Amino acid sequence: MDRLPETYRLYAIKYAHLDRFPPGKFLGGDPHETGAALDYFVWAAVGESNSFIVDTGFDAEKARKRARNITHPVAEGLSAIGIRPDAVENIILTHMHYDHAGNSALFPRARYHVQDREMAYCTGRCMCHENLRHPFEPDDVSSMVQRIFDARVQFHDGESQITTGLSVHHVGGHTNGLQVVRVHTKRGWVVLASDASHYYANMEGRRPFPAVYNVGDMLEGHATCYKLADSPHHVVPGHDPDVLKRYPALSKETEGWIVCLDAEPR
Ligand SMILES: [Zn+2]
Ligand SMILES: [Zn+2]
């Protein structure tokens, strides 16, 4: 008989903010908007026998360089849920953009899970184009190359069941190797869409976000997220400030900062 899937507590941890993303929410623009606020998150799936950090954010130096505001450093957010970065063993990177793959020195013991296609993408000819290269930081990419040689990278090609209650699924679109993460929680299967859908409105309206490698794959990615989740309310977008309003805070102290994605959203 199949074992029951492992159940995870699941958190979204905001670490930074931007008031207005210049190109707005939708490819081709929207007459009703002139740029949208973005929140930056890392996520954590905490189980009985294993835990995963999903994405690693950026540090103060990168925040200054790109004029973003760090609201709570990533290490502070993790420590608020009882996780010491230097003890983290498994990190899933949804993709290698600077806001998802930084803080290189923070996790000295961790094994990193990435898609084959993401590594090929961020070290290949697409990076000759400023438009596609811009959201990557070369030192994040070279840190990952170093980790490969340190035997600290687990590559995935498409779909991988990492534990009974957690799997990764390649969707591409936003970057060539973007993967989403499906997590079993007490309310069922939740999908961390990351940048497969920056906002709820992108996937709900099937409207691509303007930072995109392949529009067709991005649109298929919205559908894949819905297919993998127990309901549309089980899909969590990557940058929507609404996430912090829909889900309950971990505690009074973490309101507007850390929310529980394994609880029913409002
Ligand atoms: Zn991205
Ligand atoms: Zn992002």
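Further up the page is the structure itself.
Let me begin by describing the structure that accompanies this report. Predicted model, so just to flag it, every value in this text is computed and none were measured.

### Let's talk about the coordination of the zinc ion (ligand 1)
Reasoning step 1: Surrounding the zinc ion (ligand 1) are the protein donor atoms His95 (NE2), His97 (ND1), His174 (NE2) and Asp195 (OD), at 2.0 to 2.3 Å.
Reasoning step 2: Geometry at the zinc ion (ligand 1) is irregular, judged from the four donor atoms that bind it and their angles of 87 to 174° at the metal.
Reasoning step 3: Binding-site remark: the zinc ion (ligand 1) is held by donors from one chain whose sequence spacing is H-x1-H-x76-H-x20-D.
Reasoning step 4: Here the zinc ion (ligand 1) and the zinc ion (ligand 2) are spaced 3.4 Å apart, linked through aspartate 195, which binds each one. We note that histidine 95, like histidine 97, is buried.

### Examining the packing of aromatic side chains
Centre-to-centre distance and the angle between the planes together describe a pair of aromatic rings.
Reasoning step 1: Within the structure shown, the criterion is met by 10 aromatic pairs.
Reasoning step 2: Seen in terms of ring centroids, tyrosine 121 and tyrosine 213 are 4.9 Å apart; in terms of plane orientation they differ by 65°. Their pairing is edge-to-face. Linking tyrosine 121 in helix α3 (residues 116–122) with tyrosine 213 in the loop between α6 (200–205) and α7 (215–228), this pair joins segments that are 92 residues apart in sequence.
Reasoning step 3: Of the residues examined, tyrosine 121 reaches a relative accessible area of 4% and is grouped as buried.

### Section: the sheet that holds strand β9 (residues 166–170)
Reasoning step 1: Spatial strand order, β8-β9-β10-β11-β12: five strands in an open sheet with mixed pairing. The open sheet has two edge strands, β8 (159–163) and β12 (235–237), and neither has a second partner. Averaged over all pairs of adjacent strands, the angle between strand axes in this sheet comes to 20°, irrespective of strand direction.
Reasoning step 2: Bridge analysis of strand β11 (residues 188–194) against β12 gives three bridges, and the strand direction is parallel. Following the sheet pairing, valine 191 is matched in β12 by valine 235.

### Some words on a nonpolar patch on the surface
Reasoning step 1: A grouping of Val145, Ile148, Phe149 and Phe155 is seen on the molecular surface, where their side chains present a nonpolar patch of about 360 Å² in accessible area.
Reasoning step 2: Per element, the largest residue contribution to the nonpolar patch is three residues, and it comes from helix α5 (residues 138–149).
Reasoning step 3: Turning to its location among the elements, phenylalanine 149 is positioned in helix α5.

### Observations regarding the state of the cysteines
Reasoning step 1: Taken as a whole and assessed by the stated rule, the structure comprises zero disulfides.
Reasoning step 2: Here cysteine 128 stays free of any disulfide, with the sulfur of cysteine 126 as its closest cysteine sulfur at 8.4 Å.

### What about the side chain of lysine 14?
Reasoning step 1: Considering the arrangement of structural elements, one finds lysine 14 in strand β1 (residues 9–21).
Reasoning step 2: The buried category is assigned to lysine 14, whose relative accessible area is 11%.
Reasoning step 3: Within the local environment of lysine 14, its side chain forms a polar contact with the side chain of aspartate 39, the two groups lying 3.0 Å apart.

### Examining the coordination of the zinc ion (ligand 2)
Reasoning step 1: Within the protein, Asp99 (OD), His100 (NE2), Asp195 (OD) and His239 (NE2) serve as the donor atoms for the zinc ion (ligand 2), at 2.1 to 2.3 Å.
Reasoning step 2: Angles of 88 to 156° at the metal separate the four donor atoms of the zinc ion (ligand 2), which places the site in the irregular class.
Reasoning step 3: Donor residues for the zinc ion (ligand 2) sit on one chain with the sequence pattern D-H-x94-D-x43-H.
Reasoning step 4: On the basis of relative accessible area, aspartate 195 is assigned to the buried category, the value being 1%.

### Re the pairing of β9
Reasoning step 1: Most of β9 sits out of view: five of its five residues are buried.
Reasoning step 2: Following β8, the chain reverses through two residues before pairing antiparallel with β9.
Reasoning step 3: As judged from the five bridges shared by β9 and strand β10 (residues 179–185), these two strands associate in the antiparallel manner. In the sheet register, serine 167 faces β10, and the bridge partner there is arginine 182.

Conventions adopted
- Residues numbered from 1 in each chain as written.
- Chains lettered and ligands numbered in written order.
- Predicted model: local features only at pLDDT ≥ 70, side-chain atom pairs only at ≥ 80, totals over all residues.
- Heavy atoms only, no water.
- Donors = N, O, S within 2.8 Å, 3.2 Å for Na, K, Ca; no water.
- Tetrahedral: all angles 85-135°; square planar, octahedral: opposite > 155°, others 65-115°.
- Buried < 20%, exposed > 50% of the residue type's maximum accessible area, 1.4 Å probe, protein only.
- Phe/Tyr/Trp six-rings, centres within 6.5 Å; stacked < 30°, edge-to-face > 60°.
- Helix = DSSP H or I, 4+ residues; strand = E, 2+ residues; numbered from the N terminus.
- Pairing = 2+ DSSP bridges.
- Axes fitted to C-alpha atoms, helices over the stretch in contact; angles between N-to-C directions.
- Patch = residues over 30% accessible without salt bridge, like charges linked within 9 Å, V, L, I, M, F, W, Y side chains within 5 Å.
- Areas by Shrake-Rupley, 256 points an atom, 1.4 Å probe, with all protein chains shown as cover.
- Salt bridge = Lys/Arg side-chain N within 4 Å of Asp/Glu carboxyl O.
- Disulfide = S-S within 2.5 Å.
- Polar contact = N/O pair within 3.5 Å; in protein donor to acceptor, adjacent residues only side chain to side chain.

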